[in-house]
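The lines below spell out each chain.
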Amino acid sequence: MKIAMTNFILVGKRTRLATQVLQSIRSFSDGNCIVMGSEGTLELRWSSLCKQHVLIDFEGGNDDYFVDSVNQHAVKNPESILLPFDCDGIRLINRVQNRLQINIIPIPDIFTLDQFEDKWSFYGFCKKNSLPVPPTRWIGEKHDLDFKSVAGEFGLPFVIKPTNLAGSMGVQIVADEKYYQDNLLNNPDYQFNSLIAQRFIEGVDACASMFSIKGQLVAFAIQQPVGKKIDFMPNALLEAIAYKVCHDGHFSGVMNLDVRIEKQTGNVFLIESNPRFWASLTSSVECGLNFVAESVKTSFKTNAPRQLVTGTSYTRHPLIAPALWHGLVFDRSERGRLIRAKVFDKYTFFKLIKDFPFMAWRVWRRWISLRFRFLQIK
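One structure accompanies this document, and this report is about it. (Residues numbered from 1 in each chain as written. Predicted model: local features only at pLDDT ≥ 70, side-chain atom pairs only at ≥ 80, totals over all residues. Heavy atoms only, no water.)

1. Topic: the pairing of strand β12 (residues 229-232)
Along any regular strand the residues' side chains alternate between the sheet's two faces.
Then comes step 1: On β12, burial follows the alternation: I230 and F232 on one face are buried, whereas K229 and D231 on the facing-out side are not.
Then comes step 2: Sheet analysis places strand β11 (residues 216-226) next to β12, joined by four bridges and oriented antiparallel. Paired with V226 across the strands is K229, a residue of β12.
Then comes step 3: What sits between β11 and β12 in their antiparallel hairpin is a turn of two residues, with G227 showing a positive phi close to 60°.
Then comes step 4: Where β12 and strand β16 (residues 311-314) come together, four bridges link them in antiparallel fashion. Within the sheet, the bridge partner assigned to F232 lies in β16 and is G311. (Buried < 20%, exposed > 50% of the residue type's maximum accessible area, 1.4 Å probe, protein only. Helix = DSSP H or I, 4+ residues; strand = E, 2+ residues; numbered from the N terminus. Pairing = 2+ DSSP bridges.)

So this is what it looks like as structure tokens:
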């Protein structure tokens, strides 16, 4: 799908997600992108993919300014699309949606957003609808955890995590009581609350990404990280779960499910859900399914959802992934446009330069470690 000069207004606070959405947009459109974000997203003003950055208050302090700015832009650019890319952006849009005069991508309402974003609420949703989740217990504060009781119920190791944070923040895999004492209970830096305990599933990570309209699945992809790559694969059980999650939640918008596939049994367990765009969004674009493009379509055919069940994406920057160099020059498809968007974006390039010394240090350490093991074997 090619959308020539539609303008996009991105709304949210998380720079990494905004970058993924900007790159996904450039893969199918030459339209201008405006980011309405926070202090944290200010650095995106250096991105070649972002025409303008506007600071806004996500807590409601200047909703009138936000509404007026969006509506004035829509008058001048009637084909513009408003695209909240994280939960803060979705909450803001929900708060003022009846005052906005612009096209908005499908998003969940506040009740649904809260239900799927909060890990404890999501666990309750899964239990209510007979969806597979690991046994989970509410803890609250870290001092409220009865170690012997939790270990007796879930075994060792078990997982402790906050219900209201993303990006694995605060997640701890507790191997024994000493680990709990040293790293959580007596650690002054571990100040997370609203904690839950969950049985640890020994196995491999996977993700189910989906786009749904009023409970009807429109597009989905199942992916699994493998080193520096992401593989897309078929999984009939996860596909059925994706249908059921969207249907039972009457969900509208994009969502990404974190999954564990148990090593011994192959059983699938839902770990948490992210009812917004996700950090590996461009991986599916590289393999043929663009969830941003699906979201901005003006009409939807929901009889047979689009699905991505094969393909490999490279998580490295294209400049240090030789397998992508041919596509950088010769690929005129959305995949090639995506690669060029990553390479020629000033913000992404300088971020690569900034991170390069650390990346080189990790490679050197790995080489030294392998060399040392080789000499030991000899």
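2. Brief notes about the layout of surface pockets
Then comes step 1: Reported here for the second largest pocket is a volume of approximately 330 Å³.
Then comes step 2: Forming the walls of the second largest pocket are 16 residues, and the residues nearest its centre are C87, E117, N164, L165 and A166.
Then comes step 3: Only α3 (87-96) and β14 (268-274) provide two or more residues apiece to the lining of the second largest pocket.
Then comes step 4: For the lining of the second largest pocket, the leading source of residues is β14, giving three residues.
Then comes step 5: When grouped by side-chain class, the residues that make up the lining of the second largest pocket number five nonpolar, three polar and eight charged. (1 Å grid on protein atoms, 1.4 Å probe; cavity = no way out; pocket = protein on both sides within 12 Å on 5 of 7 lines; lining within 4 Å. Points joined across faces, edges and corners; volume = space filled by probe spheres on them. Nonpolar A, V, L, I, M, F, W, Y, C, P; charged D, E, K, R; others polar.)

3. Structural notes on the sheet that holds strand β9 (residues 195-199)
Then comes step 1: Ordered in space as β6-β9-β7-β8, the four strands form an open sheet in which the pairing is antiparallel. Only two strands of the sheet have a single neighbouring strand rather than two, namely β6 (136-140) and β8 (172-174). Strand-to-strand twist of the sheet, defined as the mean angle between neighbouring strand axes without regard to direction, takes the value 25°.
Then comes step 2: Bridge count for β6 against β9 is four bridges, and the pairing is antiparallel. Each bridged residue has a counterpart across the sheet, and for R137 the counterpart in β9 is A197.
Then comes step 3: Contacts from helix α6 (residues 147-154) reach β6, β7 (158-162), β8 and β9 within the one sheet, and its direction differs from that of β6 by about 165°.
Then comes step 4: Packed onto the sheet, helix α7 (residues 177-185) meets β7 and β8 and runs at close to 155° relative to β8. (Axes fitted to C-alpha atoms, helices over the stretch in contact; angles between N-to-C directions. Contact = heavy atoms within 4.5 Å.)

4. Thoughts on helix α5 (residues 119-128)
Then comes step 1: Listed in full, the buried residues belonging to α5 are K119, F122, Y123, F125 and C126. Buried residues along α5 cover an arc of 160° about the axis, so they all sit on one side. Along α5, exposed side chains directed more than 90 degrees from the buried face belong to K127 and K128.
Then comes step 2: Between the side-chain oxygen at the start of α5 and the backbone nitrogen of W120 there is a gap of 3.1 Å, and the oxygen is on D118.
Then comes step 3: Backbone geometry just after α5 places S130 at a positive phi near 55°. (Arc of directions from axis to C-beta. Polar contact = N/O pair within 3.5 Å; in protein donor to acceptor, adjacent residues only side chain to side chain.)

5. Comments concerning the packing of α3 against helix α4 (residues 110-117)
Then comes step 1: Where α3 contacts α4, the axes come no closer than 10 Å and their chain directions differ by 160°. Regarding the angle of α3 to α4, the classification is roughly antiparallel. Once α3 is placed against α4, the crossing between them reads as left-handed. Contact residues: α3 offers C87, I90, R91 and N94, while α4 offers I110, L113, D114 and E117. (Parallel < 35°, antiparallel > 145°, perpendicular 65-115°, else oblique. Left-handed = near helix turned anticlockwise from the far one by under 90°.)

6. Brief notes about the sheet that holds strand β1 (residues 8-11)
Then comes step 1: Ordered by their spatial adjacency, five strands build an open sheet running β3-β2-β1-β4-β5, and the pairing between neighbours is parallel. The sheet is open, and its two edges are formed by β3 (52-55) and β5 (103-104), each paired on a single side.
Then comes step 2: Relative to strand β4 (residues 81-84), β1 runs parallel, the two being bridged by four bridges. In the sheet register, V11 faces β4, and the bridge partner there is P84.
Then comes step 3: This element, helix α1 (residues 15-26), spans β1, β2 (33-37) and β4 of the sheet and lies at about 165° to β1.
Then comes step 4: Running over the sheet, helix α2 (residues 63-76) touches β1, β2, β3 and β4 and is turned about 175° from β2.

Geometry only, nothing functional implied.
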